[in-house]
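Listed below, chain by chain, are the residues.
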Amino acid sequence: MKTADAAQLTLPVSARDHQFGDRRAAVTVVEYGDYECPYCARAHLVVKDLADRLGDAWNFVFRNFPLTTIHPHAQHAAEAAEAAGAQGLFWEMHDYLFLHQDSLSDRDLVRDASLLGVEEQQFVDDLRDHKFADRVREDFLSGARSGVNGTPTFFINGVRYDGPIESGSILAAIELASASG
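Residues numbered from 1 in each chain as written. Predicted model: local features only at pLDDT ≥ 70, side-chain atom pairs only at ≥ 80, totals over all residues. Heavy atoms only, no water.

Engineer: Residues and numbers for the overall build of the protein chain, please.
Structural biologist: Check the secondary structure of the protein chain and you find seven helices and five strands. Helices (α) and strands (β) of the protein chain occur, in sequence order from the N terminus, as β-β-α-β-α-α-α-α-α-β-β-α. For 181 residues, the compact-globule estimate of 2.2 N^0.38 gives 16 Å, and the C-alpha radius of gyration of the protein chain, at 16 Å, lies within 12% of that figure. The principal-axis extents of the C-alpha atoms in the protein chain amount to approximately 50 × 30 × 30 Å. Residue pairs at least 24 apart in sequence account for 78% of intrachain contacts in the protein chain once pairs closer than 6 positions are excluded. Split by element, the accessible area of the protein chain, about 8,700 Å² in all, is 52% carbon and sulfur. Of the side chains in the protein chain, 16 bear a positive and 28 a negative charge, and the two mean positions are spaced by 4 Å. (Helix = DSSP H or I, 4+ residues; strand = E, 2+ residues; numbered from the N terminus. Rg over C-alpha atoms; globule rule 2.2 N^0.38 Å. Contact = heavy atoms within 4.5 Å. Areas by Shrake-Rupley, 256 points an atom, 1.4 Å probe, with all protein chains shown as cover. Lys, Arg positive; Asp, Glu negative; His and termini not counted. Charge placed at Lys NZ, Arg CZ, Asp CG, Glu CD.)

See below:
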């Protein structure tokens, strides 16, 4: 859904972002999400469905937008995803966090990351030192500047998508963006 007054993505997608699909695709979808948000967990299933349907016909980007006032584990979960990402396991941790939102304590994060194959001591050190807090904050601030005020929030080719968070509607918006872009 594109309107003249729709919010625009202020931080362009770049190599700094976690992406899957084809970076040269005609359509890029950016999600701002929170690992503790139940709506984001449902949206995660929609994204997985879209990935199955679209394959490399799109580029998908995830950015952190932890709503710490209502989700006390969201910040550390985002830092954990980034710490796993530093070891090449961002998407594995990302998926795991959404599927296990009821276990986001620091102990859980370390256990789960270890199950996924991270080097545990480095991961623990990164979490303890908040090594990726600035990265999470950068994502959050870019979302706020882009008009994000809740999660999940999607942008399709840089324009905020304000329709239903379900596969058919988002797919239709992606197809429209692809045809017009």
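Engineer: Which residues make up the sheet that holds strand E2 (residues 28–33), and what are the values?
Structural biologist: One open sheet holds the five strands; their spatial order is E1-E3-E2-E4-E5, and the pairing between them is mixed. Whereas interior strands pair on both sides, the edge strands pair on one side only; in this sheet they are strand E1 (18–21) and strand E5 (159–161). Across the sheet, the axes of successive neighbouring strands diverge by a mean angle of 25 degrees, strand direction being ignored. Inspection of the sheet shows strand E4 (residues 153–156) paired to E5 by three bridges, in the antiparallel sense. Considered in E5, the bridge of Phe154 is made with Tyr161. (Pairing = 2+ DSSP bridges. Axes fitted to C-alpha atoms, helices over the stretch in contact; angles between N-to-C directions.)

Engineer: Got a sec to walk through the nonpolar core? Specific residues and values, please.
Structural biologist: The biggest cluster of nonpolar side chains holds 43 residues, and the ones touching the most others in it are Tyr35, Trp58, Phe123 and Ile174. Elements with a minimum of two residues in this core: helix H1 (38–54), strand E3 (59–64), helix H2 (74–86), helix H3 (90–99), helix H4 (106–116), helix H5 (120–128), E4 and helix H7 (167–180). Residue contributions to this core peak at eight residues, all from H1. Every residue in contact with Ile174, bar those within four places of it in the chain, is listed here: Val27, Val29, Leu50, Leu54, Trp58 and Ile156. Core analysis: the next-biggest nonpolar cluster, separate from the first, contains nine residues, Val61, Leu67, Val148 and Phe155 among them. (Core = buried A, V, L, I, M, F, W, Y, C linked by side-chain atoms within 4.5 Å. Buried < 20%, exposed > 50% of the residue type's maximum accessible area, 1.4 Å probe, protein only.)

Engineer: Tell me what's going on with the packing of aromatic side chains, and back it up with residues and numbers.
Structural biologist: A full pass over the atoms with the stated rule returns 13 aromatic pairs. Relative to Trp91, the ring of Phe60 has its centre 6.1 Å away and its plane inclined at 50 degrees; by these criteria the two rings are tilted. Taken together, the positions of Phe60 in strand E3 and Trp91 in helix H3 put the pair 31 residues apart, joining distant regions of the chain. Looking at Phe60, the relative accessible area reads 0%, which means it is buried. Here a set of aromatic residues connected by ring pairs shows up, and it is made of Phe20, Tyr35, Trp58, Phe60, Phe62, Phe90, Trp91 and Phe98. (Phe/Tyr/Trp six-rings, centres within 6.5 Å; stacked < 30°, edge-to-face > 60°.)

Engineer: Go over the pattern of salt bridges, please, and point to the residues and values.
Structural biologist: Evaluation of the coordinates by the stated rule reveals 14 salt bridges. With a shortest N-O distance of 2.9 Å, Asp95 and Lys48 are connected by a salt bridge. Note that Asp95 is positioned in helix H3 and Lys48 in helix H1, a separation of 47 residues in sequence. For Lys48, a relative accessible area of 38% corresponds to the partly exposed category. Of the charged contacts, one joins Arg135 and Glu82 as a salt bridge, the two residues approaching to 3.9 Å between their closest N and O atoms. One end of the pair, Arg135, is in helix H6 (residues 133–145); the other, Glu82, is in helix H2, and 53 residues separate them in sequence. (Salt bridge = Lys/Arg side-chain N within 4 Å of Asp/Glu carboxyl O.)

Engineer: Quick one: what's the story with the packing of H2 against H5, residue by residue and with numbers?
Structural biologist: In the contact formed by H2 and H5, the axes pass within 10 Å of each other and the chain directions differ by 140 degrees. Compared by their axis directions, H2 and H5 come out oblique. The element H2 and its partner H5 pack so that their crossing is right-handed. Contacts between H2 and H5 involve His76, Glu79, Ala80, Ala83 and Ala84 on the former and, on the latter, Phe123, Asp126 and Leu127. (Parallel < 35°, antiparallel > 145°, perpendicular 65-115°, else oblique. Left-handed = near helix turned anticlockwise from the far one by under 90°.)

Geometric descriptors of this kind do not, in isolation, establish any biological role.
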